[in-house]
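# A structural walkthrough
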Amino acid sequence: MNTILAYWYLKLQALVLLVFGKQLVALEKFDQMLVLRPGDRYALASRAHVLAQEGDKHGAIAALRLLAQLCPDNAAAWFNLAYMLEDIGGHADAEPAFRRALDIEPKMDRAWYGLALLLIRDRRFDEAVQALKKNTELQPMSPFGWYQLARVHVDRQDPDEAVKVIRHLKRFEPKVAAQLERETGLRAAAQSS
């Protein structure tokens, strides 16, 4: 069987195996695909995904690092690498990976959110506000960015801005707004205006 047919046969086998929940056997197929095509984007990304699902975060990171190296303009590879690095506590390495993803794809809302969480963790609140504003601009109906934005304003000792966010959230996510009011103690301020 020629190399092209062998590759596609392996890919088909891997997809079927994944459908039936046979991740580890599918992983073997992805490895065989990489023997045929060492820099194959699909096989590397799929390999990383399966490894992450199986709990091998370091293996997933290795696959994602290789993918990002081979495809430096692949925003998803950089985002996934950043996410996995953050997940294992590699925050210092995660930030540049998030920023690289955003350089490639400035409208990647989840990368803005991930970056914001890192910045919050490092208490870099002014930068976090900017990242969260980008996130909420791109995902205006998602409560996650708004929630974090209100929390950051509280951490920055800027309750008036937090109240504005709570009011905004009340329009489409009243339960999240109520949760923020309870957590921040800004209930009276948010209701009195």
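The sections below set out a description of the structure shown in this document. Everything numeric in this text was worked out from a predicted model, so none of it was measured.

### Details of the packing of helix H9 (residues 143–155) against helix H10 (residues 159–170)
The geometry of H9 relative to H10 is characterised by a closest axis approach of 7 Å and an angle of 160 degrees between their N-to-C directions. The angle between the axes of H9 and H10 places the two elements in the roughly antiparallel class. Remark: the crossing between H9 and H10 carries left-handed chirality. Between H9 and H10, the residues in contact are Pro143, Trp146, Tyr147, Leu149, Ala150, His153 and Val154 and Pro159, Glu161, Ala162, Val165, His168 and Leu169, respectively. Residue composition of the contact of H9 with H10, by class: ten nonpolar, two polar and one charged.

### Here we look at the pattern of salt bridges
Per the stated rule, a full pass over the model turns up 14 salt bridges. One salt bridge connects Asp73 with Arg100, and the closest N-O pair in it is separated by 3.0 Å. Taken as a pair, Asp73 in the loop between helix H4 (57–70) and helix H5 (75–87) and Arg100 in helix H6 (residues 91–104) lie far apart in primary sequence, 27 residues in all. The class for Asp73 is exposed, based on a relative accessible area of 59%. In this structure, the salt-bridge partner of Glu181 is Lys170, at a minimum N-O distance of 2.8 Å.

What counts and what doesn't
Residues numbered from 1 in each chain as written. Predicted model: local features only at pLDDT ≥ 70, side-chain atom pairs only at ≥ 80, totals over all residues. Heavy atoms only, no water. Axes fitted to C-alpha atoms, helices over the stretch in contact; angles between N-to-C directions. Helix = DSSP H or I, 4+ residues; strand = E, 2+ residues; numbered from the N terminus. Parallel < 35°, antiparallel > 145°, perpendicular 65-115°, else oblique. Left-handed = near helix turned anticlockwise from the far one by under 90°. Contact = heavy atoms within 4.5 Å. Nonpolar A, V, L, I, M, F, W, Y, C, P; charged D, E, K, R; others polar. Salt bridge = Lys/Arg side-chain N within 4 Å of Asp/Glu carboxyl O. Buried < 20%, exposed > 50% of the residue type's maximum accessible area, 1.4 Å probe, protein only.

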